[in-house]
Amino acid sequence: MAVFTAVTLDDLNQWIKQFPLGQALALKGIASGIENSNFFLTTERGEYVLTIFENLDFDQLPFYLQLMRHLARRGIPVPDPVPNEHGELVVPLHGKPAAVVTKLEGASQMDPQPVHCAEAGTMLARMHLAARDFPLQQPNLRGLDWWLETAPKVMPFLSPENAQLLSSEIAFQQAFAGTDTYRQLAHGPVHADLFRNNVMFVGDKLTGCFDFYFAGCDTWLFDVAVTVNDWCIDQQSGKLDPARLSALLDAYHAVRPFTDADRAAWQTMLRAAALRFWLSRLYDLHLPREAELLTPHDPTHFERILRDRVEHASQELPA
Ligand SMILES: Nc1ncnc2c1ncn2[C@@H]1O[C@H](COP(=O)(O)OP(=O)(O)OP(=O)(O)O)[C@@H](O)[C@H]1O
Ligand SMILES: N[C@@H](CCO)C(=O)O
């Protein structure tokens, strides 16, 4: 159950008046998700999602919500935040920040085929291009600085082999971040968490993506690697699946062609993307926050992926 803050229809009667949505007619808690309290909200104007942010504060939220608004206005299928009468996208509800966004149609495709991977690749590239003129800046808050700060906290919980893997990989990534190749990579606002459960389909057609609450400015290639490491793998072994990988990369490349720097950085970036989720899952497992009530995701999945990416080269990016 992922509703940490209880809300009733009665609670909403007054609150909803500040939005041009008419009266609230129905409210249903959404069971999945581990970060926020989410509700499907039906009003006189249609179907929406109400999110109460449990762990994010008012300072960070404008970046996420304004980015969603920016993308929605450029035709990228993402939830569009509804402004209140003062133009605000984030408004307190029961003392916590909350937002109302449009509801996407469809359901996640947890067993994606090449056709779904191609759709994801196309949308990711379109999203990168559409965000180029987004004016707000926020770093990826789960980037290298966070890895350096967090690794010492989880080290005491690791086996000697895993402690060695973690420290050597962070050193490798830190060295890479200082290279010319890294500096030449295109960067801008990225989703940074485009897993299968954050994308909707109706049949084989992608209808949208959501959960921008790890978005930040980072390299576009990092975003591609995060996506590939979830969509294009055998879920048991973590190994890359060539057909799905080609489908996603070719579709991305057709919209935003990969550069020589991307090609030079690809293997390293797949490792960075695996490290990012191994570390965050280790952190959530061993150092859970108070507001985090659900079973954390399994870190060993990303440990396997990282070891595989270190030991086996992926196919190259399309030229
Ligand atoms: N705009 C939307 N349209 C339709 N469904 C949505 C929308 N936003 C969220 N959902 C539904 O709510 C669920 C939880 O949302 P979300 O993934 O943003 O929560 P979360 O707490 O950030 O979860 P996690 O961090 O585990 O991915 C989604 O799996 C999806 O089913
Ligand atoms: N996608 C993340 C969860 C946070 O959205 C993970 O699988 O660890």
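This one's a predicted model, so the numbers in the text were calculated from it and none came from an experiment. (Residues numbered from 1 in each chain as written. Chains lettered and ligands numbered in written order. Predicted model: local features only at pLDDT ≥ 70, side-chain atom pairs only at ≥ 80, totals over all residues. Heavy atoms only, no water.)

1. Observations regarding the overall build of the protein chain
Move 1: A tally of regular secondary structure across the protein chain gives ten helices and nine strands.
Move 2: Here the protein chain has a C-alpha radius of gyration of 20 Å; the compact-globule value for 319 residues is 20 Å, and the two agree.
Move 3: Its C-alpha atoms give the protein chain principal-axis dimensions of about 55 × 45 × 35 Å.
Move 4: Counting the 319 residues in the protein chain, one finds 52% classified as buried.
Move 5: Once local pairs closer than 6 in sequence are excluded, the contacts in the protein chain between residues at least 24 apart make up 73%.
Move 6: Total accessible area computed for the protein chain in this model is approximately 13,800 Å², and 53% of it derives from carbon and sulfur atoms.
Move 7: Of the charged side chains in the protein chain, 26 are positive and 39 negative, and the gap between their average positions amounts to 3 Å. (Helix = DSSP H or I, 4+ residues; strand = E, 2+ residues; numbered from the N terminus. Rg over C-alpha atoms; globule rule 2.2 N^0.38 Å. Buried < 20%, exposed > 50% of the residue type's maximum accessible area, 1.4 Å probe, protein only. Contact = heavy atoms within 4.5 Å. Areas by Shrake-Rupley, 256 points an atom, 1.4 Å probe, with all protein chains shown as cover. Lys, Arg positive; Asp, Glu negative; His and termini not counted. Charge placed at Lys NZ, Arg CZ, Asp CG, Glu CD.)

2. A look at unusual backbone geometry
Move 1: Unusually for a residue other than glycine, His 94 sits at a positive phi of about 50°.
Move 2: With phi around 70°, Ala 192 is a residue other than glycine that occupies positive phi space.
Move 3: Counting through the fold element by element, Ala 192 comes out in the loop between strand 6 (187-190) and strand 7 (199-202).
Move 4: On the basis of relative accessible area, Ala 192 is assigned to the buried category, the value being 1%.

3. Here's the deal with the site of ligand 2
Move 1: Around ligand 2 lies a shell formed by Asp 193, Phe 195, Phe 214, Phe 277, Arg 281 and His 297.
Move 2: Asp 193 places a side-chain nitrogen or oxygen 2.5 Å from an oxygen atom of ligand 2.
Move 3: In this structure, an oxygen atom belonging to ligand 2 sits 2.6 Å away from a side-chain N or O atom of Arg 281.
Move 4: Relative to its free-state accessible area of 260 Å², ligand 2 is covered by the protein chains to the extent of 87%.
Move 5: Of the residues that constitute the shell around ligand 2, the class distribution is three nonpolar, one polar and two charged. (Near = heavy atom within 4 Å. Polar contact = N/O pair within 3.5 Å; in protein donor to acceptor, adjacent residues only side chain to side chain. Nonpolar A, V, L, I, M, F, W, Y, C, P; charged D, E, K, R; others polar.)

4. A short note on the sheet that holds strand 3 (residues 46-53)
Move 1: Across the sheet, five strands lie side by side as 1-2-3-5-4; this open sheet has antiparallel pairing. Each edge of the open sheet is held by one strand with a lone partner, namely strand 1 (24-29) and strand 4 (91-93). When the angles between neighbouring strand axes are averaged without regard to direction, this sheet yields 35°.
Move 2: Where strand 1 and strand 2 (residues 36-43) come together, five bridges link them in antiparallel fashion. From the neighbouring strand, Ala 26 faces strand 2, where its bridge partner is Thr 42.
Move 3: With respect to the sheet, helix 2 (residues 61-73) is in contact with strand 3 and strand 5 (96-102), its orientation differing from that of strand 5 by roughly 5°. (Pairing = 2+ DSSP bridges. Axes fitted to C-alpha atoms, helices over the stretch in contact; angles between N-to-C directions.)

5. Considerations on the nonpolar core
Note that soluble globular proteins tend to have their nonpolar side chains buried in a common cluster.
Move 1: Leu 65, Leu 71, Leu 166, Phe 212, Val 228 and Trp 266 are the most contacted members of the largest nonpolar core, which has 83 residues in total.
Move 2: For this core, the element with the highest residue contribution is helix 9 (residues 260-286), accounting for 13 residues.
Move 3: Here this core spans two domains, and each of domain 1 (9-102) and domain 2 (114-311) adds at least three residues to it.
Move 4: Judged by nonpolar contacts, the second largest core, of 17 residues, contains Ile 16, Ala 24, Phe 39 and Leu 41. (Core = buried A, V, L, I, M, F, W, Y, C linked by side-chain atoms within 4.5 Å. Domains from an automatic or database assignment.)

6. Considerations on helix 8 (residues 242-255)
Helical geometry: 3.6 residues make up each α-helical turn, so side chains three or four residues apart lie on a common side.
Move 1: Taking 1.5 Å as the rise per residue, helix 8 with 14 residues should run 20 Å; its terminal C-alpha atoms sit 20 Å apart, in good agreement.
Move 2: Among the residues of helix 8, Arg 244, Leu 245, Ala 247, Leu 248, Leu 249, Ala 251, Tyr 252 and His 253 are the ones counted as buried.
Move 3: Against the buried residues of helix 8 lie helix 3 (114-130), helix 7 (220-231) and helix 9. (Expected span 1.5 Å × (residues − 1).)

7. Concerning the domain arrangement of the protein chain
Interface size is commonly expressed as the accessible area that is lost once the parts come together.
Move 1: When cut into domains, the protein chain gives domain 1 (9-102) and domain 2 (114-311).
Move 2: Relative to domain 2, the C-alpha centre of domain 1 lies at a distance of 26 Å.
Move 3: With 24 residues of domain 1 in contact, the opposing surface of domain 2 contributes 28 residues.
Move 4: Taking both partners together, domain 1 and domain 2 bury about 2,300 Å²; carbon and sulfur atoms supply 69% of that area.
Move 5: Counting across the interface, domain 1 meets domain 2 through one salt bridge.
Move 6: A salt bridge links Asp 133 to Arg 74; its shortest N-O distance comes to 3.0 Å.
Move 7: Joining domain 1 to domain 2, the criterion identifies six residue pairs in polar contact (both at pLDDT 80 or more).
Move 8: Here the element with the most residues in the side of domain 1 that touches domain 2 is helix 2; it accounts for ten residues. (Buried area = accessible area lost by both parts, 1.4 Å probe. Salt bridge = Lys/Arg side-chain N within 4 Å of Asp/Glu carboxyl O.)

8. Focus on the environment of Gly 203
Move 1: Its location among the elements puts Gly 203 in the loop between strand 7 and strand 8 (205-209).
Move 2: A relative accessible area of 55% places Gly 203 in the exposed class.
Move 3: Residues Gly 203 and Thr 150, 53 residues apart in the sequence, show an inter-C-alpha distance of 40 Å.

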